[in-house]
Amino acid sequence: MTSDVHNHDLRSAELILENDARLRLQLDGAHVGLFEWDLVTGQSRWSTGFYLLHGLEPSQEASYTLWRDQVHPDDIDRVEAAIQDSLAKPQELDVDYRIVHPSGDLRWTRLQAQTMRDPQGRPLSMTGHCGDVTRRKLADAALLQSEKLAVAGRMSAALAHEINNPLEAAFNLLYLARGMASQASQADLLDQTMEQLQRVSEISQQTLRFARPSKPKFVRVIEVIESTLRLVGPKLSMGAVQVKTDFQASPQLLCSPGELQQILTNLLNNAAEAGRQPKTVTVRVRTQNDANEGNPGEIRITISDNGPGMTPETLRRIREPFYTTKQGYGTGLGMWVVQELVSKLNGKLTIKSSVGDRWHGTTFSIVLPMTPAETEQS
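Numbers given for residues are sequential positions, taken from 1 along each chain in its written order. Given that this is a predicted model, residues contribute local features only at a pLDDT of at least 70 and side-chain atom pairs are listed and counted only at 80 or more, while totals for whole chains, interfaces and linings are drawn from all residues. Based on all heavy atoms of the structure, the side-chain values leave hydrogens and waters out of the count.

Another point: the pattern of salt bridges. A side-chain nitrogen of Lys or Arg and a carboxyl oxygen of Asp or Glu constitute a salt bridge if their distance falls within 4 Å. Within the structure shown, the criterion is met by 13 salt bridges. For R98, the salt bridge is made with D75, and the minimal N-O distance between the two is 2.9 Å. Placement of the pair is R98 in strand 3 (residues 93-100) and D75 in helix 4 (residues 73-88), with a sequence separation of 23 residues. By the burial criterion, R98 is buried, and D75 matches it. We note a salt bridge from R316 to E313, for which the minimum N-O separation is 3.0 Å. In this pair, R316 and E313 are both assigned in helix 10 (residues 312-317), 3 residues apart and thus about one turn of the helix distant. Each residue's exposure class comes from its accessible area (1.4 Å probe, protein chains only) as a fraction of the maximum for that residue type: buried when under 20%, exposed when over 50%, partly exposed otherwise. For R316, a relative accessible area of 54% puts it in the exposed group. Through salt bridges with shared partners, one network takes in D75, R78, D96 and R98. Only DSSP runs of H or I with at least four residues qualify as helices, and only runs of E with at least two residues qualify as strands; both kinds are numbered from the N terminus onward.

Have a look at this one:
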């Protein structure tokens, strides 16, 4: 009975200190933990809240190693460097890091601590507190994303304004050249050039927010793919990229053909740039009908490459605007544009990638829903 009373008193004292730490961290209801770390003996003491915060059972023996094992591998070097700075200099420790709980839940933790020293200034112990700041981190990330999208919108308006004048001049010159063409092959090349410039004009108006989209119409998906392959053909040839196609269906899709071509161009360019020698890009088209379920079906377009693959970090961030791995020349907007256009078609984009030795590469899959009319015409 005496032991129960003693434990209750200790926990009550912990709660008082944890509530004080909660106020200092400006938290509202999240787990807060207290800790003491004896730098001479290496022993640690944690409050119950500290265990819960890190996804651990309070019955486990507290230790620096146990705590370290809970910190996200991508954060531990940065956190330990901050700890060493705090021990070496008379400054408070204030650092945040991620924790992966046994359930797989990823949480952000902020840790604040002070170092106690002997008269000669040598560190003796570190005491402090930490709290769950996941909600704050997510709110900050959402704000940053919103700011990026706002910048993208402003850039879109400026881009459309600046491009229109030289485009109009180029159209006029091509029109004059078209009238002077003496051979059918020359006229055909000029017509193709004007067609692609018209597409640039549409993209400049639609970029990022696609404020003035072209009118949707039924198009053969395979015809758009073949047209796109002709468009990016010179780049593929210069990169010695072999393209394989596997079309088991010839579906029609109600969409803006220019927007569908924009999706395909971005994915093909990425695949071509990622490939290893011998570079291979495979384009497949499949349809799936669920007539029994009353579902008109889906169109699946996959573009696969044999490149080095993407790391988990790149795979996680690849759809963010302005995130790029092409240092020096990438804008970081291609995959974001693809995602926006696929969403506009009520479709779904999935990305699978491997960096293994035996199998490596990336596959982009676009699944687009078909309307009943598309099913009938396919």
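The rest of the description comes next.
Within this scheme, the nonpolar core is defined by two criteria: the residues are buried Ala, Val, Leu, Ile, Met, Phe, Trp, Tyr or Cys, and they are joined through side-chain atoms within 4.5 Å. Counting 39 residues, the largest nonpolar core has I225, I263, L267, I303 and M335 as the members making the most contacts within it. Counting residues per element, this core draws most heavily on helix 9 (residues 257-274), which supplies 7 residues. We call two residues in contact when some of their heavy atoms are within 4.5 Å. When neighbours within four sequence positions are excluded, M335 is seen to be in contact with L267, N270, I318, L349, I351 and F364. Membership of the second largest hydrophobic core comes to 23 residues, among which are L66, W67, I76 and L111.

Our next topic: the pairing of strand 11 (residues 348-355). A pair of strands is labelled paired if DSSP reports no fewer than 2 bridges between them. For strand 11 and strand 12 (residues 360-369), the ladder comprises 8 bridges, and the chain directions are antiparallel. Paired with L349 across the strands is I366, a residue of strand 12. What sits between the antiparallel neighbours strand 11 and strand 12 is a turn of 4 residues.

Moving on, we get to empty space enclosed by the protein. Only protein atoms enter the 1 Å grid used here, on which a cavity is any set of points holding a 1.4 Å probe that cannot leave and a pocket is any open set flanked by protein within 12 Å on both sides along at least five of seven lines; residues with an atom within 4 Å of a point are listed as lining. Grid points are joined across faces, edges and corners, and a volume is the space filled by probe spheres set on the points. Applying the stated criterion across every chain yields a total of 2 cavities of 30 Å³ or more. Taken as a whole, the largest cavity holds about 130 Å³ of empty space. For the largest cavity, the lining is made up of 13 residues, of which F35, W37, F50, Y64 and W67 are closest to its centre. Examining the composition of the lining of the largest cavity, we find that 3 residues originate from one element, strand 1 (residues 32-38), more than from any other. Among the residues forming the lining of the largest cavity, the class breakdown is 10 nonpolar, 2 polar and 1 charged. For this classification, Asp, Glu, Lys and Arg are treated as charged, while Ala, Val, Leu, Ile, Met, Phe, Trp, Tyr, Cys and Pro are nonpolar and the rest, including Gly, are polar.

What is shown is where atoms sit, not what they do.
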